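Chain residues, written in single-letter form:
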Amino acid sequence: MKIEALKALLEDMTIEEKVGQTIQLSADFFSDQSEDITGPMNEMAMTEKKKYQVGSVLGLSGAKETIDLQKEFMEKNRQHIPLLFMADIIHGDHTIFPIPLGLGATWNPEAIKLTAEISAKEAAAQGLHVTFSPMVDLVRDPRWGRVMEATGEDKLLNKRYARAFVEGYQGEDLKNDLTKLAACVKHFAGYGAPRGGRDYNSVDLNENTLREHYLPAYQEGIDAGAKLVMTAFNTIDNIPATGNKGLMRDVLRDEMGFDGVLISDWGAIGELVPHGVAEDNRAAAKQAITAGVDIEMMSAAYSEHLVDLVKQDDSLATLLNESVWNILRLKNDLGLFEQPYRGADEETESQSVFSTDNKQAALTVAEQSIVLLENNGVLPLNKEDRIVLTGQRRDSNDILGAWSWKGDLSKTETLKEAMSKTVGSENLSVIDDATFLEGQYSFFMDDIRLADTVVVAIGESSEMSGEAASRTNIKLPENQLVLLRELKKLNKKVVAVLFNGRPLDLSDVIPLVDGLVEAWFPGTMGAQAITNVLFGKVNPSGKLPMSFPRSIGQIPLTYNEDSTGRPLTDEKRGEKYFSRYLDTENTALYPFGFGRSYTRFEYAGCTLSKQTMSADDVLTVSVTIKNTGEVEGLETVQLYIRDKVAEVVRPVKELIDFKQVTLTAGESKTVSFEITEAQLRYTHADNTVSSDAGTFLIGVGTDSRVSLSESFVLEKE
Ligand code: NOJ
């Protein structure tokens, strides 16, 4: 629709119709065709008339369902304005990819872009227009169950992934490419830092940390063109984000340049009341519209009060117009006025959903997401080996993880099923974990005696992470530790496969196993991916996007912590008055960037093209890496720096670039990085972003433990 026609449409709307656009209802409001006002209708202050004025629907899918509703809706809507259909397509639609934390472990933004393209294609064919993804919240606390939805603790990694997701979902021509979805960057801002790791809890971040570490990934998603942003449930500076005018208008809109639709999280406007910053829903509606929240998801503040508020206050009428304009523009950007059903098509749906190609992509990315944590010479396994498979998760199809929108467990292979195709049933004995826990395995004595290796599948169930799934204990469940202790007594090689949605405290596990494979929740093709890694068809290459602590007491723990005035150096180890714990190391058990391979990569020291650079120079850092093992492997080469002296305290180390390189056995390659002044910038005390002249320490290596043994100087006029 031409912009003039869109303006005319807005001008023709009554206040009630305008407010309607700002309301989002869940699909169940439309599933009951009767004229009765149902329970949820009451809660949302809905009437039949108001229902056909709303702007968007959450959680409906299926080509037929969305086409039918759109048709009926547009007939009953006075101006025939189409609905927007939105849903949480987080890591796949029908074809489920690894959870985002697992995707983060690929260090492969291109792979993530492909998962977003496939998700969009499947979802668009079912009539969806918007996905509530990507969640780009930076995370440092594995107690928070939603770390599974994040891509990790590092701003650079999160930025690259944020862009990949948005570009994958939206493509280059959202209006005309009907296989695309509009993306929604969430949750603005700082939702990944709830106090104590407890979901929905308040957030306490100083402004410098917020700007330096947390905001950049949202910014990148916005710069990549994300059409929507979702508000966070939490507070920032003790003001709930959803009613925070300074955050939403001054920072998000004015500073960060966001020009799209701002949607509240589920019920978050109504939650301004229990937060204690609004007397009632009416006050909450006023705060949220003042903050610039365009769409209210599933609370009744706008629905009940916005019409009246606007009638009494002209300045609110202007804000309402702005919000409706944002929503109409989004509908127009999706081409809905011309094509209200957009990509919804039953035939395409049946072809594009869960196709062979999509499953192949899910297999490849799942393989890339797996992180080899330990290997005392036991992996890869031989196909001819005799294997005992046990553990609580040995035959579970609960491997898709939370937020697996249309993922179908009945179409998901278990590890037992996938492994038995590779080794053949004569070599695979599957033994119930209860057998070991009860010490009653005499019946299986022969199998155990003949076995070369015991593979034990353990970890969390999918409900143990995700929204509202915070935990104070991030060790394995006790019965799984008991199982590992029992298996240790068998004097066999033990390989543990872990399914989990968060970094776990694995310190008790390490002495009990010879091999440890981090599989996350690997998705539709996950069991096959794990099997391919276990048997060496695939050489694992995943690297942790988030630190695994030695103890819950270290949380929050991150590789890029701020420098302290009393850093613990090797020489000071054992001395008292340094920043340290009495009972454990400061470092992670498995650090950020860590992951083993079936081969070995040897790094020669890095060389710098110059020792001094000016602001318009490019400095090249090169390092030669040799595969000194027996098999081909992929290595993620990581470049870290430290700004030695700055205006504010800077991290002890930060990732500024990375590259992946594949090396055959015996092969060497030189990998080069180009450093420009832009990569040396940081947030100053007055919130400006710039670099300072001075010395930078630098190092290239296989994970975040790399020593920063070289240095260069940035010179400025
Ligand atoms: C609440 C979650 O916080 C948000 O991420 C999600 O998109 C909405 N619910 C809708 O399901």
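This structure is a prediction, so every number in the text was calculated from the model and none was measured.

The rules behind the values
Residues numbered from 1 in each chain as written. Predicted model: local features only at pLDDT ≥ 70, side-chain atom pairs only at ≥ 80, totals over all residues. Heavy atoms only, no water. Helix = DSSP H or I, 4+ residues; strand = E, 2+ residues; numbered from the N terminus. Rg over C-alpha atoms; globule rule 2.2 N^0.38 Å. Buried < 20%, exposed > 50% of the residue type's maximum accessible area, 1.4 Å probe, protein only. Contact = heavy atoms within 4.5 Å. Areas by Shrake-Rupley, 256 points an atom, 1.4 Å probe, with all protein chains shown as cover. Lys, Arg positive; Asp, Glu negative; His and termini not counted. Charge placed at Lys NZ, Arg CZ, Asp CG, Glu CD. Near = heavy atom within 4 Å. Polar contact = N/O pair within 3.5 Å; in protein donor to acceptor, adjacent residues only side chain to side chain. Nonpolar A, V, L, I, M, F, W, Y, C, P; charged D, E, K, R; others polar. Domains from an automatic or database assignment. Salt bridge = Lys/Arg side-chain N within 4 Å of Asp/Glu carboxyl O. Core = buried A, V, L, I, M, F, W, Y, C linked by side-chain atoms within 4.5 Å. Pairing = 2+ DSSP bridges. Axes fitted to C-alpha atoms, helices over the stretch in contact; angles between N-to-C directions.

1. Some words on the overall build of the protein
If you tally the helices and strands in the protein, you get 22 helices and 27 strands. Against the 2.2 N^0.38 benchmark of 27 Å for 717 residues, the protein shows a C-alpha radius of gyration of 27 Å, consistent with a compact globule. Principal-axis analysis of the C-alpha atoms gives the protein an extent of 75 × 70 × 45 Å. Taking all 717 residues of the protein together, 60% fall into the buried category. Taking the contacts inside the protein whose residues are at least 6 apart along the sequence as the reference set, 78% of them involve residues at least 24 apart. Of the roughly 27,000 Å² that the protein leaves accessible, carbon and sulfur atoms contribute 47%. Treating the 74 positive side-chain charges of the protein as one cloud and the 109 negative ones as another, the clouds have centres 3 Å apart.

2. What to know about the site of the ligand
Surrounding the ligand, one finds Asp88, Phe132, Arg146, Lys186, His187, Met230, Phe233, Asp265, Trp266, Met297, Trp403 and Glu467. A distance of 2.8 Å separates an oxygen atom of the ligand from a polar atom in the side chain of Lys186. Within the side chain of His187, a nitrogen or oxygen atom sits 2.7 Å from an oxygen atom of the ligand. In isolation the ligand has 300 Å² of accessible area, and contact with the protein removes 94% of it. Within the shell around the ligand, the residues separate by chemical class into six nonpolar, one polar and five charged.

3. Here's the deal with the domain arrangement of the protein
Per the domain assignment, the segments making up the protein are domain 1 (369-554) and domain 2 (599-715). Of note, the centres of domain 1 and domain 2, computed from C-alpha atoms alone, are 35 Å apart.

4. Points about unusual backbone geometry
Glycine aside, residues mostly have negative phi angles, and peptide bonds mostly take the trans form. In this structure, Pro134 follows Ser133 across a cis peptide bond, with omega equal to 10°. You can see Pro134 is positioned in the loop between strand 4 (130-131) and helix 9 (155-170). A cis amide bond, omega -5°, links Ile555 with the succeeding residue Pro556. With respect to the secondary-structure elements, Pro556 resides in the loop between helix 22 (526-534) and strand 17 (601-603). Non-glycine residue Ala45 carries a positive phi angle of around 50°. When you line up the elements, Ala45 lands in the loop between helix 4 (39-43) and helix 5 (48-51). Positive phi, normally seen in glycine, also occurs at Met298, with a value near 60°.

5. Thoughts on the pattern of salt bridges
Counted under the stated rule, the structure contains 48 salt bridges. The shortest N-O distance in the salt bridge between Arg449 and Asp446 comes to 3.0 Å. Of this pair, Arg449 and Asp446 both sit in helix 20 (residues 445-450), three residues apart, roughly one helical turn. Judged by relative accessible area, Arg449 falls into the exposed class, the value being 57%.

6. A word on the nonpolar core
Judged by nonpolar contacts, the single largest core of 201 residues is most densely connected at Phe188, Leu373, Leu506 and Leu534. Summarising the domain contributions, this core has at least three residues from each of domain 1 (369-554) and domain 2 (599-715). Other than its neighbours up to four places away in sequence, Leu506 contacts Leu373, Leu498, Leu516, Phe548, Leu589 and Tyr590. Leu608, Met613, Val623 and Val661 belong to the second largest nonpolar core, which has 23 residues in total.

7. Considering the environment of Ala232
Tracing the sequence through the fold places Ala232 in the loop between strand 6 (228-231) and strand 7 (235-236). Through-space distance from the C-alpha of Ala232 to that of Gly192 is 9.4 Å; in sequence the pair is 40 residues apart. Non-local contacts of Ala232, meaning those with residues more than four positions away in its chain, are made with His187, Phe188, Ala189, Tyr191, Ala241 and Thr242.

8. Details of the sheet that holds strand 19 (residues 612-614)
Taken together, five strands build an open sheet; the order of strands is 19-27-26-21-22 and the sheet is mixed. Because the sheet does not close on itself, it has two edges, and the strands there are strand 19 and strand 22 (654-663). In this sheet, adjacent strand axes meet at a mean angle of 25° when their direction is disregarded. Alignment of strand 21 (residues 633-643) against strand 22, held across nine bridges, turns out to be antiparallel. Bridge assignment links Val637 to a residue of strand 22, and that residue is Lys659.

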